[in-house]
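Secondary and tertiary structure notes
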Amino acid sequence: MTWIAFANLLINGLIEGLVVALPALAMTLVMGVNRFPNAATGDFLTTGAYAAVAVQMLGGWPLWAAALASMAATAVVSAGSYTLIFRKLAGRPMVSSMLAAIGLGFLLRSLISFFAGHDQRTFDLPLVRAWNFGGVRLLPTDVAIAGIAVLCLLVVFVLIYKTSFGRQLRAVADSADLARASGIRAGGLMLSLWVLVGALSAIGGVLLGMKAIVSPEMGWESLIPAFAAMVLGGIGSPVGAVLGALLLCVAQELAVPLLGPSYKLVLSFVVLALVLLLRPAGIMGRVQRVR
Amino acid sequence: MIAYLCAIGVIALIYCLLALGLNLQFGLTRLVNFGVVAFFAVGAYTSGLLSLQGVPLALCFVAAGVLSGLLALPIGLLSLRLRDDYLAIVTLGFSEAVRISIQQESWLTKGVQGLPGLPKLFAAWGPVSDVATFATLLALVALVSWGTVRLTRSPFGRLLKAIGDDEAALSALGKDPAWFKVQVFMLGAALAGVAGAFYAHFITFITPEQFIPLITFYVWMGLVMGGAGTVRGAVFGSLLLMVFLEGSRFAKDWVPGVSEVGMASLRLAAVGLALILVTLYRPNGLFGGPSK
């Protein structure tokens, strides 16, 4: 492989990684606080992407406005699903929450495909030519995607590490009992968390749709990579989720010349299994009780 | 009409077998297997491919069970180190990895085109071959049910239940639960493999598209609706699932103006809703069942 081909794959991997980092972060936040892998995260992404498509189709709005509307809509779906489902399953075996999350994913995906059909859709974006630096190609759209993703990640990190919302969230993640004893009200905090998760997933879905296409299965297909990124980075570690997503997607892209594009998901699975086998706590994670 | 009932009966029993396998893994031992369909697929393809090479069907079925069981060995070993939520996602990823591999390795599996023209079980018996398949499956399901009940009451079964209930206490008593977990995982997977073989030789045409994760969650829905942990739950749940799947086919006649594709979406929505409602309101299944 020439260095130019290598550079192109590397760039593509980094951009994909930034996109996957958003659902991985959304999942890690829920995992850290509510203690279950939210298998509906992928379908929150799909919901976000379709909400943006719908807004664009209805009003001919610019994509940024559609994305903002979609963040609001997906945040409502996310917070609603917490209030109606996951709040009531707290304290039950983890598999209950997971099954319910899978069910919720099916429900969202099928409602979308019922109303919008199974056809692939795309966002209304101007066609642009890639910049060419002596063979190293860079799409302006990809640069925009990377920029927006980085911006969103920064906003979330500021929220988690610099605000009282984040401090309370981390307190609950460390020890829910201790947090309650020190007067943190969990109810409103949880609702804010799920609003944040919904908005983050919506942006993830829009970026994923900008990078490729919008289809009812798009989010579900990113579930395993997002989970692998989360585990690779260390469960419950937000920074780890982002690093994990970047590492995973770069590895996937670099493996494409060897394995072909269809085996990307299989590679995600292999990475996931290997990390769990060799280093269950992930790159950034603390050792958790593994029974 | 007889042919239709027979077909539904066979499919119901295939789901029954899958649910009994999952019941061993999850119901008794609390191993969360979200990849049931992987072992089902491997069984179907093993038996299908061997039968096309002229291997006698009885041998194909055995091979399907053995290979699916062996494939469960590495996952079972991995499960020893994982909490149930990790295991759930790992098995789900595994089933997708298996499906994609089947789709891609077309030198072996003919890829998306699938394997047509698989021999039917009891093909020589002509018109009653489906009835004979149904009877064989019924006998097998009865045998597995009886075996599971026996197993639950044996010391080995009590051990499995204890693993599910409180593994730490069991280790403290000096029993090593590890190998038992792996065995149960392999046994459940072997049952799924045999179910896959029955499926392949009943439908006679298999493609990777038939082995999507949805199948796994059909089985879960059946088991959880019936009540996990009991044979009764697995069997009743599968029958209920069948009523649901077939009922939604008839529902199309009552809901005018909905296309075939739209109906498929609605059916998936109903599966999703059922999974949510059952976990929320009936964690022990519709028929109650002993709370664990």
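Rules and cut-offs
- Residues numbered from 1 in each chain as written.
- Chains lettered and ligands numbered in written order.
- Predicted model: local features only at pLDDT ≥ 70, side-chain atom pairs only at ≥ 80, totals over all residues.
- Heavy atoms only, no water.
- Helix = DSSP H or I, 4+ residues; strand = E, 2+ residues; numbered from the N terminus.
- Buried < 20%, exposed > 50% of the residue type's maximum accessible area, 1.4 Å probe, protein only.
- Contact = heavy atoms within 4.5 Å.
- Areas by Shrake-Rupley, 256 points an atom, 1.4 Å probe, with all protein chains shown as cover.
- Lys, Arg positive; Asp, Glu negative; His and termini not counted.
- Charge placed at Lys NZ, Arg CZ, Asp CG, Glu CD.
- Rg over C-alpha atoms; globule rule 2.2 N^0.38 Å.
- Salt bridge = Lys/Arg side-chain N within 4 Å of Asp/Glu carboxyl O.
- Expected span 1.5 Å × (residues − 1).
- Phe/Tyr/Trp six-rings, centres within 6.5 Å; stacked < 30°, edge-to-face > 60°.
- pLDDT = per-residue confidence, 0-100.
- Core = buried A, V, L, I, M, F, W, Y, C linked by side-chain atoms within 4.5 Å.
- Buried area = accessible area lost by both parts, 1.4 Å probe.
- Polar contact = N/O pair within 3.5 Å; in protein donor to acceptor, adjacent residues only side chain to side chain.
- Nonpolar A, V, L, I, M, F, W, Y, C, P; charged D, E, K, R; others polar.
- Disulfide = S-S within 2.5 Å.
- Patch = residues over 30% accessible without salt bridge, like charges linked within 9 Å, V, L, I, M, F, W, Y side chains within 5 Å.
- Axes fitted to C-alpha atoms, helices over the stretch in contact; angles between N-to-C directions.
- Parallel < 35°, antiparallel > 145°, perpendicular 65-115°, else oblique.
- Left-handed = near helix turned anticlockwise from the far one by under 90°.

**What to know about the overall build of chain B**
Helix and strand counts for chain B come out as 12 helices and zero strands. Written out in order from the N terminus, the α and β elements of chain B read α-α-α-α-α-α-α-α-α-α-α-α. Judged by the C-alpha coordinates and their principal axes, chain B covers about 55 × 45 × 35 Å. By residue count, 57% of the 292 residues in chain B fall in the buried class. Considering only residue pairs separated by 6 or more positions, chain B has 77% of its internal contacts joining residues 24 or more positions apart. A total accessible area of about 12000 Å² is found for chain B, and carbon and sulfur atoms account for 70% of it. Computing the positive centroid from 18 side-chain charges and the negative centroid from 13, chain B places the two 8 Å apart.

**Some points on the overall build of chain A**
Helix and strand counts for chain A stand at 12 helices and two strands. Along the chain direction, N to C, the helices and strands of chain A fall in the order α-α-α-α-β-β-α-α-α-α-α-α-α-α. For 291 residues, the compact-globule formula gives about 19 Å, and the C-alpha radius of gyration of chain A, at 19 Å, lands near that figure. If you line up chain A on its principal axes, its C-alpha atoms span 60 × 50 × 35 Å. The buried share of chain A, taken over its 291 residues, is 55%. Considering only contacts within chain A whose residues lie at least 6 apart along the sequence, 76% involve residues at least 24 apart. For chain A, the computed accessible surface area is about 12500 Å², with 68% contributed by carbon and sulfur atoms. If you average the places of the 19 positive and of the 10 negative side-chain charges in chain A, the two averages end up 13 Å apart.

**Quick look at the pattern of salt bridges**
Residues and elements named next belong to chain A. What the rule picks out here adds up to seven salt bridges over all chains. Two residues, R109 and D43, come together in a salt bridge whose shortest N-O distance is 2.9 Å. In this pair, R109 is assigned in helix α4 (residues 94-116) and D43 in helix α2 (residues 41-59), connecting sequence segments 66 residues apart. This pair shows no difference in class: R109 is buried, exactly as D43 is. Through salt bridges with shared partners, a single network forms among E16, E253 and K264.

**Some points on unusual backbone geometry**
Among all residues save glycine, negative phi is the norm, and among peptide bonds the norm is trans. The backbone of R35(A) shows a phi angle near 60°, a positive value even though the residue is not glycine. Assignment of secondary structure puts R35(A) in the loop between α1 (3-34) and α2. Despite not being glycine, F122(B) has its phi angle at roughly 55°, a positive value. Here F122(B) is to be found in the loop between α5 (106-109) and α6 (129-153). On the accessibility criterion, F122(B) (27% relative accessible area) is partly exposed.

**Digging into helix α3 (residues 63-89) of chain A**
Between its first and last C-alpha atoms α3(A) spans 37 Å; for 27 residues at 1.5 Å apiece the expected length is 39 Å, and the two agree. Residue G91(A) follows α3(A) closely and has a positive phi angle near 90°.

**Things to note about the packing of aromatic side chains**
One pass over the structure, following the stated rule, counts 21 aromatic pairs over all chains. Note on Y82(A) and W194(A): the rings are 5.4 Å apart at their centroids and 20° apart in plane angle, and the pair reads as stacked. On the criterion of sequence distance, the pair formed by Y82(A) in helix α3 and W194(A) in helix α8 (residues 186-211) is long-range, its members being 112 residues apart. Across the pair, exposure class does not vary: Y82(A) and W194(A) are buried alike. An angle of 85° between the planes, with centres 6.1 Å apart, marks the rings of F39(B) and F185(B) as edge-to-face. Highlighted residues: F39(B) in helix α2 (residues 36-52) and F185(B) in helix α9 (residues 178-203), separated in sequence by 146 residues.

**Some details on the confidence of the model for chain A**
All names here are of chain A. Here chain A shows a mean pLDDT of 90. Residues at 70 or above account for 96%. Model confidence for chain A, summarised as mean pLDDT per element, is weakest for helix α7 (residues 176-181) at 80 and strongest for α3 at 96. When the criterion is pLDDT under 50, residues 287-291 qualifies, and its contacts beyond four places in sequence or with other chains add up to 15 contacts.

**Comments concerning the nonpolar core**
Counting 194 residues, the largest nonpolar core has Y15(B), F34(B) and W220(B) as the members making the most contacts within it. Sequence-distant contacts of W220(B), that is, excluding residues within four places in its chain, are made with V95(A), L99(A), L22(B), F26(B), V32(B), N33(B) and F34(B).

**Some remarks on the interface of chain B and chain A**
At the interface, 46 residues of chain B touch 41 residues of chain A. For the chain B and chain A pair, buried surface summed over both sides reaches about 4100 Å², with 75% attributable to carbon and sulfur atoms. Where chain B meets chain A, there are zero salt bridges. Where chain B packs against chain A, one counts seven residue pairs in polar contact (both at pLDDT 80 or more). Grouping the constituent residues of the side of chain B that touches chain A by class yields 31 nonpolar, seven polar and eight charged.

**Points about the state of the cysteines**
Applying the stated criterion across every chain, the model contains zero disulfides over all chains. This cysteine, C16(B), is not joined by any disulfide, and C6(B) carries the nearest cysteine sulfur, 15 Å off.

**Remarks on a nonpolar patch on the surface**
Nonpolar side chains collect at one region of the surface, where V270(A), L274(A), L277(A) and L278(A) lie side by side and expose about 350 Å² of accessible area between them. Taking the relative accessible area as the measure of exposure, L278(A) reaches 66% and is therefore exposed.

**Quick word on the packing of helix α10 (residues 223-233) of chain A against helix α4 (residues 84-104) of chain B**
Relative orientation of the contacting elements α10(A) and α4(B) amounts to 135°, with a least axis distance of 10 Å. Taken together, the axes of α10(A) and α4(B) are oblique relative to one another. Crossing geometry of α10(A) relative to α4(B) is assigned as left-handed. Between α10(A) and α4(B), the residues in contact are L223(A), I224(A) and F227(A) and I89(B), L92(B) and G93(B), respectively.

**A few points about the environment of M210(A)**
Mapped onto the elements of the fold, M210(A) is located in helix α8. The residues touching M210(A), leaving out its near neighbours within four places in the chain, are L63(A), F123(A), L125(A), T141(A) and I145(A).

**Focus on the packing of α2(B) against α9(B)**
Residues and elements named next belong to chain B. Direction vectors running N to C along α2 and α9 enclose 50°, while the axes themselves pass 6 Å from each other. Considering the angle they form, α2 stands oblique to α9. Of the two elements, α2 crosses α9, and the hand of that crossing is right-handed. For the pair α2 and α9, contact is made by V36, F39, F40, G43, A44, S47, G48 and S51 and by F185, A189, A192, G193, A195, G196, A197, Y199, A200 and H201, respectively.

**Looking at the environment of G247(B)**
All names here are of chain B. With respect to the helices and strands, G247 occurs in helix α11 (residues 231-254). Among the residues examined, G247 registers a relative accessible area of 30% and is labelled partly exposed. Expressed as a C-alpha distance, the spacing of G247 and A64, which sit 183 residues apart in the sequence, is 31 Å.

**Considerations on the side chain of Q210(B)**
Residue and element names in this part refer to chain B. Along the polypeptide, Q210 turns up in the loop between α9 and α10 (213-226). On the basis of relative accessible area, Q210 is assigned to the buried category, the value being 19%. From its side chain, Q210 meets the backbone oxygen of F205 in a polar contact 3.1 Å long. Those residues within four positions of Q210 in sequence are excluded, and the remaining contacts are Y199, I203, F205 and I215.

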